Amino acid sequence: VSELIFVSIYSSEFCMKLYVDPINYWKDGYNLLDVIIIITVFIPYSLHKIKGKHYPYLHIADGIQSLRILKLITYSRGIRTLITAVGQTAYTVASVLILLFVLMYIFAILGFCLFGAPDRGDLNNWGNLAVAFFTLFSLATVDGWTDLQQQLDDRNFALSRTFTIIFILLASFVFLSMFVGVMIIHTEDSIKKFKRELMVERHVTLMEEKQVILKRQQEEVSRLMQTRKNVDYKSFSELVEIFKKTLRHTDPMVLDDFGTSLPFIDVYLSTLDNQDTTIYKLQELYYEIVHVLSLMLEVLPQKEQSQSSEKVDEK
């Protein structure tokens, strides 16, 4: 019953979206994903009606219905952001994977030539090119590489350790790290873009709410002014008090004043700190001036006494 309800709701949603916008519906990638999911959902029913319930591949079609969980992608903007980041890295990741494939191809040929000799070589791991690729994949993922190296050491291959170390350094530490780095960079860019979009949407929502509030308040003011013409109020303050009663505590307020913004407060506090530093420096300069003046006052009587003594001697 739940499956039938799910299919019914899903199909109804598809029909309504297609009816509302039949042309632009096919331009959205997530809508195409919905169409693919709908097709996979109806495949088991079609096979059951055409081939019968004993069709040998019917269980495969039933397993494909697990793709219905992908429907959640269209309802989550966070998941869509990550998928967009993965899609943006497709070209770069493909280049990294091609380089990794070229590296593995070169080392697969080297490993086959060095360790895949028919007489005393390791045929299970290096016997042919396909087996060598699988062995190199295990080395690239650093999964059980010690067992692979031990098998080469048991056969006394001189260059086996050098070969293994160089390949692990290039494949695991360079190419796989490059792959992870590319994914992280594009994911961060997508997350930043997603946050900017959310901020823009919130700003637009606040501005719309503000316009609604202002319009309602203007209507209230106009109504009160019209009422004042008909009824003689004692004072204008009475009109203001009546207008205050029309305001709602739940109305959101948008603070556009520069003095209430966080950047202004930050700059203001920094200015106060600089002002305190300047006052401290001025105090130090003031003390230095006072000290110099005191020294000058101490030296001045000595100069006057020397001048008076000189005059006495001359007389």
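See the structure above.
The model shown is predicted, which means the values in this text are computed figures rather than measured ones.

Undergrad: What is the right way to read empty space enclosed by the protein from this model?
TA: Empty space among the atoms can be located by rolling a probe the size of a water molecule over them. Taken as a whole and assessed by the stated rule, the structure comprises 1 cavity of 30 Å³ or more. Along the walls of the largest cavity sit Y10, E13, F14, K17, Y25, D34 and K71, which together make up its complete lining. For the lining of the largest cavity, the element with the most residues is helix α1 (residues 2–20), which contributes 4 residues. Across the lining of the largest cavity, the residue classes break down as 3 nonpolar, no polar and 4 charged.

Undergrad: Please clarify how the packing of aromatic side chains should be interpreted in this entry.
TA: Each pair of aromatic rings is reported with the distance of its centres and the angle of its planes. Scanning the model with the defined rule gives 9 aromatic pairs in all. Relative to F163, the ring of F107 lies with its centre 5.2 Å away and its plane at 55°, an arrangement referred to as tilted. Placement of F107 in helix α5 (residues 90–115) and of F163 in helix α9 (residues 160–230) is noted, with a sequence separation of 56 residues between them. For F163, a relative accessible area of 7% translates into the label buried. Judged by centre distance (5.9 Å) and plane angle (55°), the rings of Y286 and Y287 are tilted.

Undergrad: It is not clear to me how the packing of α1 against helix α2 (residues 29–50) should be interpreted in this structure. Could you clarify?
TA: For any two helices packed against each other, one specifies the crossing angle of their axes together with the interaxial distance. The contact between α1 and α2 brings their axes to 11 Å, and the two run at 140°. As judged from the angle between their axes, α1 and α2 are oblique. Judged by the sense of rotation from one axis to the other, the crossing of α1 with α2 is left-handed. Between α1 and α2, the residues in contact are E3, L4, V7, Y10, S11, F14 and K17 and N31, D34, V35, I37, I38, V41, F42 and Y45, respectively. Partitioning the contact of α1 with α2 into residue classes produces 10 nonpolar, 2 polar and 3 charged.

Undergrad: What's the story with α2 in this structure? I'm lost.
TA: Helical geometry: 3.6 residues make up each α-helical turn, so side chains three or four residues apart lie on a common side. Here α2 is 22 residues long and its end C-alpha atoms lie 31 Å apart, about the 32 Å a rise of 1.5 Å per residue gives. A bend of about 30° at F42 is the largest found in α2, and the proline P44 appears one to four places after it. Those residues of α2 lying buried are N31, D34, V35, I37, I38, T40, V41 and P44. Packing partners of the buried residues in α2 comprise α1 and α3 (58–64).

Undergrad: Would you mind going over the pattern of salt bridges with me for this structure?
TA: Two side chains carrying opposite charge are able to pair once their charged atoms lie near each other. Under the defined criterion, the tally for this structure stands at 2 salt bridges. K17 is the partner of E13 in a salt bridge, and the nearest nitrogen-oxygen pair spans 3.3 Å. Note that E13 and K17 are positioned in helix α1 at a spacing of 4 residues, about one turn of the helix. Using a relative accessible area of 18% as the deciding quantity, one classes E13 as buried. For the salt bridge of R161 with D153, the shortest nitrogen-to-oxygen distance reads 3.3 Å.

Rules and cut-offs
- Residues numbered from 1 in each chain as written.
- Predicted model: local features only at pLDDT ≥ 70, side-chain atom pairs only at ≥ 80, totals over all residues.
- Heavy atoms only, no water.
- 1 Å grid on protein atoms, 1.4 Å probe; cavity = no way out; pocket = protein on both sides within 12 Å on 5 of 7 lines; lining within 4 Å.
- Points joined across faces, edges and corners; volume = space filled by probe spheres on them.
- Helix = DSSP H or I, 4+ residues; strand = E, 2+ residues; numbered from the N terminus.
- Nonpolar A, V, L, I, M, F, W, Y, C, P; charged D, E, K, R; others polar.
- Phe/Tyr/Trp six-rings, centres within 6.5 Å; stacked < 30°, edge-to-face > 60°.
- Buried < 20%, exposed > 50% of the residue type's maximum accessible area, 1.4 Å probe, protein only.
- Axes fitted to C-alpha atoms, helices over the stretch in contact; angles between N-to-C directions.
- Parallel < 35°, antiparallel > 145°, perpendicular 65-115°, else oblique.
- Left-handed = near helix turned anticlockwise from the far one by under 90°.
- Contact = heavy atoms within 4.5 Å.
- Expected span 1.5 Å × (residues − 1).
- Bend = angle between axes of the 7 residues up to and from the residue.
- Salt bridge = Lys/Arg side-chain N within 4 Å of Asp/Glu carboxyl O.

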